[in-house]
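# Report on the structure
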Amino acid sequence: MTNNTDQAELMRIIVEDRLYDTTEMRYDLYLQTAEWQTLRRIKMETAGHRCQICYTDAGPLEVHHRTYERRGKERLDDLTVLCRRCHQVHHDAETMT
């Protein structure tokens, strides 16, 4: 697991040293960037590789955006680790409201 200093440095690199604007790119392409993959890995580590709803560690686990406000400059609390089942339940509930 990375420590807070490592996470801060990774975030600085992601935000300040970027060569392209991730906020304007298509979402499916953004999910393939090194920036997203780094954030995803850090979020998985901080969640202990478990769903933050049901606490299963049975895969696959997904990282859900709670907001797209800061896409490309996400904070870790903008993200939630979910198992596929909880992620689907969450999106199903969103479409009902």
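As a reminder, the structure under discussion sits directly above these lines.
A brief report on the enclosed structure follows. (Residues numbered from 1 in each chain as written. Predicted model: local features only at pLDDT ≥ 70, side-chain atom pairs only at ≥ 80, totals over all residues. Heavy atoms only, no water.)

Consecutive residues of a regular strand have side chains that alternate between opposite faces of the sheet. Of all five residues in strand 1 (residues 61–65), five are buried, a share of seventy percent or more. Burial along strand 1 is two-sided: the residues Leu61, Val63 and His65 and Glu62 and His64 are all buried. For strand 1 and strand 2 (residues 79–83), the ladder comprises five bridges, and the chain directions are antiparallel. What sits directly across from leucine 61, in strand 2, is cysteine 83. (Buried < 20%, exposed > 50% of the residue type's maximum accessible area, 1.4 Å probe, protein only. Helix = DSSP H or I, 4+ residues; strand = E, 2+ residues; numbered from the N terminus. Pairing = 2+ DSSP bridges.)

Next up on the list: unusual backbone geometry. Between glycine 59 and proline 60 the backbone carries a cis peptide bond, its omega angle lying at -10°. Here proline 60 is to be found in the loop between helix 3 (34–46) and strand 1. Of note, histidine 49 is a non-glycine position whose phi angle comes to about 55°, a positive value. Within the secondary structure, histidine 49 sits in the loop between helix 3 and strand 1. With a relative accessible area of 43%, histidine 49 lands in the partly exposed category. Positive phi outside glycine occurs at tyrosine 55, with the angle close to 70°.

Within the largest apolar cluster, 13 residues are counted, with the highest numbers of intra-cluster contacts made by Trp36, Cys51, Leu61, Val63 and Val81. Contributing elements (two or more residues each) for this core: helix 3, strand 1 and strand 2. A total of four residues in this core trace back to one element, the largest contributor, which is strand 2. When sequence neighbours within four positions are dropped, the list of residues in contact with leucine 61 reads Arg40, Met44, His49, Arg50, Cys51, Thr56, Val81, Leu82 and Cys83. (Core = buried A, V, L, I, M, F, W, Y, C linked by side-chain atoms within 4.5 Å. Contact = heavy atoms within 4.5 Å.)

Between its terminal C-alpha atoms helix 3 stretches 18 Å, which fits the 18 Å expected from 13 residues at 1.5 Å a residue. Residues of helix 3 that are buried include every one of Glu35, Trp36, Thr38, Leu39, Ile42, Lys43, Met44 and Glu45, and no others. One or two positions beyond helix 3, positive phi appears at glycine 48, with a value near 70°. (Expected span 1.5 Å × (residues − 1).)

Let's shift gears to the packing of aromatic side chains. Summed over all chains, the structure comprises two aromatic pairs. Seen from their ring centres, tyrosine 27 and tyrosine 68 are 5.6 Å apart, and the 85° between their planes marks the pair as edge-to-face. Linking tyrosine 27 in helix 2 (residues 27–30) with tyrosine 68 in the loop between strand 1 and strand 2, this pair joins segments that are 41 residues apart in sequence. Taking the relative accessible area as the measure of exposure, tyrosine 27 reaches 29% and is therefore partly exposed. Assessed through its relative accessible area of 47%, tyrosine 68 is described here as partly exposed. With a centroid separation of 5.9 Å and an interplanar angle of 50°, the aromatic rings of tyrosine 30 and tryptophan 36 are classed as tilted. (Phe/Tyr/Trp six-rings, centres within 6.5 Å; stacked < 30°, edge-to-face > 60°.)

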